[in-house]
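Examining the three-dimensional arrangement
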Amino acid sequence: MSGAWSRLGLRGRLALSIGAIVLAAFAALFVAVHHEIGGEPAAIEQGTTASVHPGEDAQAEVDQAFLLFGGFALVAALLAGYLLAARTAAPLRRMAATTAAIDAGDLKPRIGGEPTAAVEVRTLAEGFDRMLDRLEAAFSRQRRFVADASHELRTPLTAIRGQLEVLARQSQPDPGEVRRVEGLVMREMARIELLVDDLLALASAEEAGGPRRRQQLELAPFLRELVPESGSAASIGAVPVGEIAADPEQLRRALINVLSNARRYAGPQGEVELSATADGDRLTIRVDDDGPGIPPQERDRVFERFHRVGDARDRASGGAGLGLAIARSIVEAHGGKIWAEASPLGGARISLELPGFG
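Residues numbered from 1 in each chain as written. Predicted model: local features only at pLDDT ≥ 70, side-chain atom pairs only at ≥ 80, totals over all residues. Heavy atoms only, no water.

**Some words on the overall build of the chain**
- Each helix and strand counted, the chain has seven helices and seven strands in total.
- From first element to last, N terminus to C terminus, the chain shows the α and β order α-α-α-α-β-α-β-β-α-β-β-α-β-β.
- Classification of the 358 residues of the chain by burial places 36% in the buried group.
- Considering only contacts in the chain between residues 6 or more positions apart, those separated by 24 or more positions represent 66%.
- Here the chain has roughly 20900 Å² of accessible surface; of this, 58% comes from carbon and sulfur atoms. (Helix = DSSP H or I, 4+ residues; strand = E, 2+ residues; numbered from the N terminus. Buried < 20%, exposed > 50% of the residue type's maximum accessible area, 1.4 Å probe, protein only. Contact = heavy atoms within 4.5 Å. Areas by Shrake-Rupley, 256 points an atom, 1.4 Å probe, with all protein chains shown as cover.)

**Regarding the pattern of salt bridges**
- Within the structure shown, the criterion is met by six salt bridges.
- Note that glutamate 249 and arginine 252 form a salt bridge whose closest N and O atoms lie 3.2 Å from each other. Of this pair, glutamate 249 and arginine 252 both sit in helix H6 (residues 248-266), separated by three residues, roughly a single helical turn.
- With relative accessibility at 47%, the residue glutamate 249 sits in the partly exposed group.
- On the basis of relative accessibility, which here comes to 17%, the residue arginine 252 falls in the buried class. (Salt bridge = Lys/Arg side-chain N within 4 Å of Asp/Glu carboxyl O.)

**Considerations on the sheet that holds strand E5 (residues 282-289)**
- In spatial order, the strands read E2-E4-E5-E7-E6; together these five strands make up an open sheet with mixed pairing. With one partner strand each, in any of the chains shown, strand E2 (235-236) and strand E6 (337-342) form the two edges of the open sheet.
- When E2 meets strand E4 (residues 272-279), the two strands line up parallel, connected through two bridges. Within E4, the residue paired with serine 235 across the bridge is glutamate 273.
- Strands in contact with H6 are E4, E5 and strand E7 (348-354); relative to E5, the strand with the most contacts, it is inclined by about 25°.
- Strands E6 and E7 of the sheet are contacted by helix H7 (residues 323-333), whose axis makes an angle of about 130° with E6. (Pairing = 2+ DSSP bridges. Axes fitted to C-alpha atoms, helices over the stretch in contact; angles between N-to-C directions.)

**A short note on a nonpolar patch on the surface**
- Residues Leu79, Tyr82 and Leu83 make up a contiguous nonpolar surface patch of roughly 310 Å² in combined accessible area.
- If you trace the backbone, tyrosine 82 turns up in helix H2 (residues 54-103).
- A residue is classified by how much of its surface remains accessible, and tyrosine 82, at 38% relative accessible area, is partly exposed. (Patch = residues over 30% accessible without salt bridge, like charges linked within 9 Å, V, L, I, M, F, W, Y side chains within 5 Å.)

**Observations concerning the nonpolar core**
- Ile244, Leu255 and Ile350 are the most contacted members of the largest nonpolar core, which totals 46 residues.
- Looking at which element gives the most residues to this core, the answer is H6, with eight residues.
- Ignoring sequence-local partners within four residues, the contact set of isoleucine 244 consists of Gln215, Gln216, Leu217, Leu219, Leu283, Leu354, Pro355, Gly356 and Phe357.
- Grouped together as the second largest cluster of nonpolar side chains are seven residues, Leu107, Ile111, Ala125 and Phe128 included. (Core = buried A, V, L, I, M, F, W, Y, C linked by side-chain atoms within 4.5 Å.)

**Comments concerning the packing of aromatic side chains**
- Counted according to the given criterion, the structure contains zero aromatic pairs.
- The lysine or arginine in question, lysine 337, covers the ring of tryptophan 339, its NZ or CZ lying 5.6 Å from the ring centre. (Phe/Tyr/Trp six-rings, centres within 6.5 Å; stacked < 30°, edge-to-face > 60°. Lys NZ or Arg CZ within 6 Å of the ring centre and 35° of its normal.)

**A word on H7**
- Burial runs high along H7: eight of the eleven residues are buried.
- Inspection of H7 places Leu324, Ala325, Ile326, Ala327, Ser329, Ile330, Val331 and Ala333 among the buried residues, and these make up the whole buried set.

**What to know about the pairing of E7**
- For E7, the tally of buried residues reaches seven of seven residues, placing the bulk of the element in the interior.
- Burial along E7 is two-sided: Ala348, Ile350, Leu352 and Leu354 and Arg349, Ser351 and Glu353, pointing in opposite directions, are all buried.
- Here E5 runs beside E7; their pairing, made up of six bridges, is antiparallel. By the bridge assignment, threonine 284 is partnered in E7 with glutamate 353.
- Pairing of E6 with E7 involves six bridges; the strand directions are antiparallel. Pairing of tryptophan 339 across the sheet is with serine 351, part of E7.

**Some thoughts on the packing of helix H5 (residues 219-230) against H6**
- Where H5 meets H6, the closest approach of the two axes is 10 Å, and the angle between their N-to-C directions is 55°. Here H5 is positioned oblique relative to H6, judged by the angle of their axes. At the point where H5 passes H6, the crossing takes the right-handed sense. Where H5 abuts H6, its residues Phe222, Leu223, Leu226, Glu229 and Ser230 lie against Pro248, Leu251, Arg252, Leu255, Ile256, Leu259 and Ser260.
- Grouping the amino acids of the contact of H5 with H6 by side-chain chemistry returns eight nonpolar, two polar and two charged. (Parallel < 35°, antiparallel > 145°, perpendicular 65-115°, else oblique. Left-handed = near helix turned anticlockwise from the far one by under 90°. Nonpolar A, V, L, I, M, F, W, Y, C, P; charged D, E, K, R; others polar.)

**Considerations on the side chain of asparagine 257**
- Residue position: asparagine 257 is located in helix H6.
- If sequence neighbours within four positions are ignored, asparagine 257 has contacts with Gly323, Ile326 and Ala327.

Shape is all these values report; function is a separate question.
Okay, structure coming up:
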């Protein structure tokens, strides 16, 4: 019985349920009226030899009327229930079809909320579509990330392979050529190691979802110790007195990436300055350089993975295009934001705003 009921589907179940309710209502009404009419005393007319029972005639008429209208009502209830269930189940069927398409690898279909649908159904459809939008964006970022990472790794590996093949074709290679190839291989291997380290750092920052070990950091000493670690030879400008609640390792990694990026594009003789200001409990740390700067149309994209701006920001500069992406992940995990703008020094300014300063 349960198996047959489950095979009916939503439309069949709702139609039968409404029909059963209507049938039960008519049965109860029929019993009540039947009992009322059948309970009347029999009337016996004077001067006749036969007993006349008007209650029986009325009861028969009521029975016929109830059977007729009850049948019509039951059919109408079954039809109305089926149509209502079909209308209610339409978004669910579209959702099932959309899910099947997604399972097949197509993330484009959407359910779409019909204006005439019930509020609950529209809310469900709109929520499902928003979830699909996020999934499509996430899968798109993942595919782009894998493609970019594969390309970044393939470039140095191709260079290493080509040089080794050239060297292998020589029966007695020149010692100077061997040293040249050795130097090139070591440089490319260092670039691969840096790329792998950056990828791991980026994955770790995104998986953490927030600071792992937040503690109070005295801002001025923290920044003074940070500059030598970054190797950027940056000068330190105005810094407010106070403490910032942050994960020291993550914040150090973010600032080192930003300082290294500034030094890379400012050049060895260029100027890089680190400064900070506070507005209530919000701390803004700024890194300025006098390099080529970032065009306005590229200022949002520089925080994307593997993105570089123009000829000055290429692989030859030593960057994989992940430093600012890692910094953004860390800053956003702390509840802050990061952005790029023009610097008073003539180059680029990267600003990091963090909460928890006091």
